[in-house]
Structures are given as structure tokens and as C-alpha cells.
Amino acid sequence: MTPFLRFDNSGTAVNPHLDKLHPYPFEKLRQLFAGATPNPDYAPISLGIGEPKHPTPAFIQKALMHSVQGLASYPSTLGSDALRAAIGSWIEHRYGVPPLDPATQVLPVNGSREALFGIAHCVVDAAQPAPLVMCPNPFYQIYEGAAFLAGAEPYFVNSEPGRNFACDYASVPPEVWPRVQLLYLCSPGNPTGATLALDDWKQLFAQADEHGFVIAADECYSEIYHGSVAPLGALEAAHQLGRSGGDRPYANLIVFSSLSKRSNVPGMRSGFVAGDPAVIKKFLQYRTYCGGAMSPPVQAASIAAWSDEAHVQENRAKYREKFNLVTPMLKKVMDVELPDAGFYLWADVRRSGLTDTEFARRLYVDYNVTVLPGSYLAREAHGINPGQNRIRMALVAEVDEGVEAAQRIVQFCTALNQS
């Protein structure tokens, strides 16, 4: 039996699972750009990282500043009653579900990232034979790292262009499902923007019921959408399928969300987990030991943010304006479509004659625009890397900068085609 700890060359005890971790995509991008000098005629524009750049609403800043006296007290891991009530009220109105019990079904967290990582350690039983954590492919890299460090292996389900980049979970072999202990979903997806339909949820709930795994639904992009209808949420789907009541409401389902994208406060690190009270109870126990409690001033600012929709509508309008301007421009030189939701464009660059990594490096050198190679966001699975020959563009800056970036990309691709 392989020991949990081993010693490296320096004699330091280390967790061998750490050796399974891949370099983070932005470290790969740094290495790709090593030695490259961008064209000084252009100011830098980054579409590489999904960090919201719209201004933080003033009322959220004021709520944070006016609550600094809270720094004198230790916060509870469970968060304040007022914060959990505000989150529960938002969930109820956003998704049309029955009121959640704020005491047992809602848990504030310091951004969805640490919670998404921690849930694997809470629910994976590494003593079971060959445990699996199922993930979409491409995917948010935290899912894979959480799987490895919890003692499981990731199992990737590829996104499919023919399904508008949704994953085909019906294609998973029957012998795989009994080994799954955790299923990460991201809807709207990063980087594809794909959303799950009610039939998708019905199939996945049936698998979770049969095999007993937990579904972790990552919904941090839920409030940025481009049509008139908001994306279907996991709790909403569960309610429509009759899973919101009984002795164990939302069985095997927990949802992760965040204020970062919705309210342009990535530096606040504020989000929540909600759903199955049995899973929430265990997750709270886990986080009492290793999850940082949310600062009281951040809790106060979060209450203000979750309680207001006007700023969310304004934010969504900015994204719609950008996507409506930029997408038609880029369609002239690459294969790209308006996504279901989210703030990424997931573009096929094969018309340029370059691979995704070549495209990213040359665009950076020639026009000082940063994009992320799609292959960095995916793994080779079932014979393909579904991110290969694609790039992810995060349209997070203000409208003028987004349009300027698109104009440079069009110039770059046009010059390639003429050479």
C-alpha cells in the first residue's frame, strides 16, 4: 500500500498527490510568453483571465466601509442570520423555489473557489475502490485539483460542439457511474457558456439517486446571460422535478454561487453553498476546521449586494452590449458564436492556420492582446483534447476596450490570411 506521505530529496514529508497537479493555465501562459516582447505600439489588453473589470457598485463599497467595526469580533463559520436570510431570499426569488431554511440549507463561503475545492474532501471516500470525481472537459481547474488531493481520479466528459458545447452524460459507460462519488457541473459553463436543460438534470438526478454521489453545481456565471430568459438553475430544476420537498429536500445536490461576477466584487471573496441539508451539515462541520469564516464587513456588504437587482441588470446590459458588438466582428475571421451565458467567447481559430498556442503567442507579440489557449483548460480524454485549436476570450473590460481588442484580433487574422 502506497504511504500517504513520502519524503522528497530535501527530506521533507510531502503529500504524493501534489505531484499529480498540472500547472495552472496562467502559469502555462506565462511560460508560453517567456521571451516574447509585445509590440510597443499597442497598449496591453488582456482577455486572458476572467476577472470582472466593471466598477464595483458604490453602495456595496459603502456597506463594506460602514461595517469596519465588525473587525473587532471573530466571525462564525456559519455566518450571520441576516446574511443567510438574504441569500435564501435571493435564491427563492431568482429561481422560483420554496423558501430554504437559512439555518440548514444555506452556508456563506469565502468565494466559490475554496468551497468547490473543499467539497471533494468532504464527500470523497478514498478508501473505496478507485473513486472517481466526474468533471466537464474543458473545465475550471479547481475540480481536477480537488479530485486528486481528495484521493480520487478525475473522469472527464467532453463538451461537444454539436450540442452547443454541452456534455453528453448519456455517453458515459455504465460501469463508470458506480465509482463516481462527486460530480462537478458548471452551468453556465467555463469556458463554453453552455447551460444544462431540464432533461439533462433529470438524467443526472437519476444517476445520483441510483449511485449515491453528490452533485456540486457551480453557478457563478448564472447572472450574465444574453437572451431574455435566465439560465435554468440546479435548485430550480430540482424543484420542477419534484425534488425540493420531503424528508431530504434537494437530495445529493448542492449549489455554489458567488458575488464576484454578478456584482463585480472579485476581491471580496463572497459566495454561498445551498441545497441538501444533510450535505450542508457535513460541509459545515468540515469548514469549521479548515474553512475561513467570512469577515463581518464582507458579510454586511454581501447582504447589500444580494438584496439589490438593479446593479445586476446594469451589469448584464454592459455585457450584452459588448457581446453584440464584438461577436459579429470576430465571426469574420474565426468560428465563434454567442454563448448561452457567461462572459467568455470560445472560438475556433483553425481558419488562421495556427494552433491555439501559436495563435495566443503571436497575437500577444504582434498586437499586445492576451487570450488563453483552449488546450490549457482541458485534458486529453477519450482520444481528444476538446480545447485544442480554440481560445478563450474573457470580455471583462469596459466596452471600448473590448471593441479595441476585437479590432486588433481582426487585423491580426486578416494579416495572417494575406501572408
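Values in this document were obtained by computation on a predicted structure and should not be read as measured data. (Residues numbered from 1 in each chain as written. Predicted model: local features only at pLDDT ≥ 70, side-chain atom pairs only at ≥ 80, totals over all residues. Heavy atoms only, no water.)

Turning to the pairing of strand β11 (residues 271-275), a few remarks are in order. Summarising burial for β11: 5 of the 5 residues are buried, a large majority. Side-chain alternation along β11 places Gly-271, Val-273 and Gly-275 on one buried face and Phe-272 and Ala-274 on a second face that is also buried. Across 4 bridges, the pairing between strand β4 (residues 106-109) and β11 is antiparallel. Along β11, the bridge assignment pairs Val-106 with Ala-274. (Buried < 20%, exposed > 50% of the residue type's maximum accessible area, 1.4 Å probe, protein only. Helix = DSSP H or I, 4+ residues; strand = E, 2+ residues; numbered from the N terminus. Pairing = 2+ DSSP bridges.)

Moving on, we get to the sheet that holds β11. Read from one edge of the open sheet, 8 strands run β4-β11-β10-β9-β8-β5-β6-β7, paired in mixed fashion. Strands at the two margins of the open sheet, each flanked by one partner only, are β4 and β7 (166-167). Summarising the sheet, strand β5 (residues 132-137) and strand β6 (residues 153-160) pair through 6 bridges and their orientation is parallel. In the strand pairing of β6, Cys-135 is matched with Phe-156.

Take helix α10 (residues 296-306) next. Taken together, the buried positions of α10 are Pro-297, Val-298, Gln-299, Ala-301, Ser-302, Ala-305 and Trp-306. On its buried side, α10 packs onto α2 (58-65), α3 (81-95), β10 (253-258), α8 (259-263), β11 and α11 (310-331). (Contact = heavy atoms within 4.5 Å.)

With antiparallel pairing, 3 strands are arranged side by side in an open sheet as β12-β15-β14. Single-partner strands in this sheet number two, and they are β12 (344-348) and β14 (372-373). Set on the sheet, α11 makes contact with β12 and β15 (390-394); between it and β12 the angle comes to about 5°. (Axes fitted to C-alpha atoms, helices over the stretch in contact; angles between N-to-C directions.)

With that settled, the discussion passes to α11. Across its 22 residues, α11 extends 32 Å between first and last C-alpha, which sits within 8% of the 32 Å expected from 1.5 Å per residue. Looking at the packing, one finds that the buried side of α11 touches α2, α8, α10, β12, β15 and α13 (399-418). (Expected span 1.5 Å × (residues − 1).)

Moving on, we come to the packing of helix α4 (residues 112-123) against helix α5 (residues 142-149). Two quantities define a packed helix pair, namely the angle between the helix axes and the distance between the axes. With their axes 8 Å apart at the nearest point, α4 and α5 run at an angle of 30° to one another. By the criterion of interaxial angle, the relationship of α4 to α5 is roughly parallel. Viewed along their axes, α4 and α5 form a crossing whose handedness is right-handed. From α4, Arg-113, Leu-116, Phe-117, Ala-120 and His-121 reach across to α5, where they touch Ile-142, Tyr-143, Gly-145, Ala-146 and Leu-149. Residue composition of the contact of α4 with α5, by class: 7 nonpolar, 2 polar and 1 charged. (Parallel < 35°, antiparallel > 145°, perpendicular 65-115°, else oblique. Left-handed = near helix turned anticlockwise from the far one by under 90°. Nonpolar A, V, L, I, M, F, W, Y, C, P; charged D, E, K, R; others polar.)

Next up on the list: the pairing of strand β8 (residues 180-186). Two faces belong to every sheet, and in a regular strand the side chains alternate between them. Within β8, 7 of the 7 residues are buried, which leaves the element mostly enclosed by the surrounding structure. With 3 bridges connecting them, β5 and β8 associate as parallel partners. The partner of Met-134 across the bridge, within β8, is Leu-183. Following the backbone out of β8, through helix α6 (residues 198-211) and into the adjacent parallel strand β9 (residues 214-218), one traces a crossover that is right-handed. (Right-handed = clockwise from strand over helix to strand, strands pointing away.)

Counted according to the given criterion, the structure contains 2 cavities of 30 Å³ or more. The computed volume of the largest cavity comes to approximately 190 Å³. What lines the largest cavity is a set of 19 residues, and nearest its centre among them are Pro-136, Phe-165, Cys-167, Cys-186 and Ala-194. Taken together, the elements giving at least two residues each to the lining of the largest cavity come down to β5, β7 and β8. When the residues that make up the lining of the largest cavity are grouped by side-chain class, the tally is 11 nonpolar, 6 polar and 2 charged. A volume near 50 Å³ is recorded for the second largest cavity. Every residue along the wall of the second largest cavity is listed here: Trp-90, Glu-219, Cys-220, Tyr-221, Ser-222, Glu-223, Ile-224, Ser-257, Ser-258, Lys-261, Arg-262 and Trp-306. Mapped onto the lining of the second largest cavity, the elements with two or more residues apiece are β10 and α8. Grouping the constituent residues of the lining of the second largest cavity by class yields 5 nonpolar, 3 polar and 4 charged. (1 Å grid on protein atoms, 1.4 Å probe; cavity = no way out; pocket = protein on both sides within 12 Å on 5 of 7 lines; lining within 4 Å. Points joined across faces, edges and corners; volume = space filled by probe spheres on them.)

Another aspect to go through is the layout of surface pockets. Within this model, the largest pocket holds a volume of roughly 500 Å³. Lining the largest pocket are 27 residues, and of these Tyr-24, Gly-50, Arg-113, Tyr-140 and Lys-261 sit closest to its centre. Residue assignment for the lining of the largest pocket shows that the elements contributing at least two residues are α1 (25-32), α4 and α8. If one sorts the elements of the lining of the largest pocket by residue count, α4 sits on top with 3 residues.

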